[in-house]
Amino acid sequence: LLKESMTKAGKALKIVLEMYGINQNQLAVAMGIGRSSINRWVKENRDPVANAVLDIRRGLKSINPEAAEEFIRLYLDDTAEEEEKKNLKSSTRVN
């Protein structure tokens, strides 16, 4: 359970970058950090700390405000994760 919540911001970030055509370097420059940090989050090797989630939102907002809102929506939304769990349960059920 901890691992799931640990990678939630990384998953949301990956989806938003792809959805809005923003590359990791653009976001890194907007945030004033190295691209390697963005890469670690997107690859889900490390999840951003709470303060970094706000910085990601700010960086995305400076590039595309819609992307920033989508990132927060995905980060806070549990329904996609719940659907994934349901699908896993139903696919592992023996008939």
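Structure's up top.
The structure displayed is predicted, hence computed values, not measured ones.

Conventions we followed
- Residues numbered from 1 in each chain as written.
- Predicted model: local features only at pLDDT ≥ 70, side-chain atom pairs only at ≥ 80, totals over all residues.
- Heavy atoms only, no water.
- Helix = DSSP H or I, 4+ residues; strand = E, 2+ residues; numbered from the N terminus.
- Buried < 20%, exposed > 50% of the residue type's maximum accessible area, 1.4 Å probe, protein only.
- Contact = heavy atoms within 4.5 Å.
- Areas by Shrake-Rupley, 256 points an atom, 1.4 Å probe, with all protein chains shown as cover.
- Axes fitted to C-alpha atoms, helices over the stretch in contact; angles between N-to-C directions.
- Parallel < 35°, antiparallel > 145°, perpendicular 65-115°, else oblique.
- Nonpolar A, V, L, I, M, F, W, Y, C, P; charged D, E, K, R; others polar.

> Got a minute to help me understand the overall build of the chain in this structure?
Counting its secondary structure elements, the chain contains seven helices and zero strands. Listing every helix and strand of the chain by position from the N terminus yields α-α-α-α-α-α-α. Split into buried and exposed, the 95 residues of the chain put 32% on the buried side. Intrachain contacts of the chain at a sequence separation of at least 6 include 64% that bridge at least 24 residues. Put simply, the chain shows about 6,400 Å² of open surface, and 52% of that area lies on carbon and sulfur atoms.

> How do you make sense of the packing of helix α2 (residues 8-20) against helix α4 (residues 35-42) when you look at a structure like this?
The description of two helices packed together rests on the angle between their axes and the distance between the axes. α4 packs onto α2 with a crossing angle of 105° between their chain directions and a minimal axis gap of 7 Å. On the basis of their axis angle, the class for α2 and α4 is roughly perpendicular. Contacts between α2 and α4 involve Gly10, Leu13, Lys14 and Leu17 from the first element and Ile38, Trp41 and Val42 from the second. Among the residues forming the contact of α2 with α4, the class breakdown is five nonpolar, one polar and one charged.

The values reported here are purely geometric and, on their own, carry no functional implication.
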